[in-house]
Amino acid sequence: MIFLVQKFDSLILLYVKNNMHGPIMDKVMVLSTYLGNQGMIWIMIAVLLMFSKNYRKIGFMALAALILSTILGEGILKHVVERIRPSADIPVVNLLIEKPLSYSFPSGHTTSSFAVAGILAKYIKHYALEFLGLASLIAFSRLYLYVHYPTDILGGVVLGLICSGIIICLFNKMENLNRI
């Protein structure tokens, strides 16, 4: 089973490397991955939301989802799984960003992006596609830049959405307790 997953991951990475790379895409993907560094784009969105009385709760929820996803993904899962990154495992001609030093599974950029995008898409529905599109672009950039396997990305999407679901449940329970 593990062999099949590794084969799947390698085939997808090689397809992306051989069919999608080019000078414009290189720049777009480096910029996209940069937006996800340390969850900075998501922190900025959350802080902006906190300045509005109507969106303040959503901003706090987004930050809570980001924190939870970081604890579970970066703090726990990466150290349990200890998966080596593709850039260390498969020879690459030209790595376009600085080589990450942490483990590969799950993708932290993807986990944090989908944790926050899940919250934002639920509560700011008229921009749901934009939030999920940005999260997907950041996730794909990690694959494109050869720093994550496809299953790292899939794991990050799932974990991120689970984190957003947990935060939504917790905030709803707190809200219901306050009504009593």
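Above this text you will find the structure in question.
Note that the coordinates shown come from a computational prediction; the quantities given were computed from them, not determined experimentally.

Time to look at the pattern of salt bridges. By the definition in use, this model includes four salt bridges. Residues Glu 74 and Lys 78 are paired through a salt bridge, measuring 3.4 Å at the closest nitrogen-oxygen approach. Note that Glu 74 and Lys 78 are positioned in helix 4 (residues 56-81) at a spacing of four residues, about one turn of the helix. Judged by its relative accessible area of 30%, Glu 74 is partly exposed. Classification of Lys 78 as buried rests on a relative accessible area of 2%. Its salt-bridge partner being Arg 83, residue Asp 152 comes within 2.9 Å of it at the nearest N-O pair. A residue pair is termed long-range when its members are at least 10 positions apart, and Asp 152 in helix 8 (residues 150-179) and Arg 83 in the loop between helix 4 and helix 5 (86-89) qualify at 69 residues.

Another point: helix 2 (residues 23-36). Helical periodicity: at 3.6 residues per turn, an α-helix aligns residues three or four positions apart in one direction. Its 14 residues place the ends of helix 2 21 Å apart at the C-alpha level, agreeing with the 20 Å of an ideal helix rising 1.5 Å per residue. Within helix 2 the residues assigned to the buried category are Asp 26, Met 29, Ser 32, Thr 33 and Gly 36. Taken around the axis of helix 2, the buried residues stretch over an arc of 135°, which confines them to a single face. Structural note: helix 2 exposes Pro 23, Ile 24, Lys 27, Leu 31 and Tyr 34 on the side pointing more than 90 degrees away from its buried face. Just downstream of helix 2, Gln 38 is the residue with a positive phi angle, here 55°.

Here the focus is the layout of surface pockets. Reported here for the largest pocket is a volume of approximately 500 Å³. Together, 23 residues line the largest pocket, and Gly 36, Asn 37, Gln 38, His 109 and Arg 142 are the ones closest to its centre. Sorting the residues of the lining of the largest pocket by element identifies helix 2, helix 4 and helix 6 (108-123) as the ones contributing at least two each. Per-element accounting of the lining of the largest pocket gives the leading share, five residues, to helix 4. The residue makeup of the lining of the largest pocket, split by class, is three nonpolar, 14 polar and six charged.

The rules behind each value
Residues numbered from 1 in each chain as written. Predicted model: local features only at pLDDT ≥ 70, side-chain atom pairs only at ≥ 80, totals over all residues. Heavy atoms only, no water. Salt bridge = Lys/Arg side-chain N within 4 Å of Asp/Glu carboxyl O. Helix = DSSP H or I, 4+ residues; strand = E, 2+ residues; numbered from the N terminus. Buried < 20%, exposed > 50% of the residue type's maximum accessible area, 1.4 Å probe, protein only. Expected span 1.5 Å × (residues − 1). Arc of directions from axis to C-beta. 1 Å grid on protein atoms, 1.4 Å probe; cavity = no way out; pocket = protein on both sides within 12 Å on 5 of 7 lines; lining within 4 Å. Points joined across faces, edges and corners; volume = space filled by probe spheres on them. Nonpolar A, V, L, I, M, F, W, Y, C, P; charged D, E, K, R; others polar.

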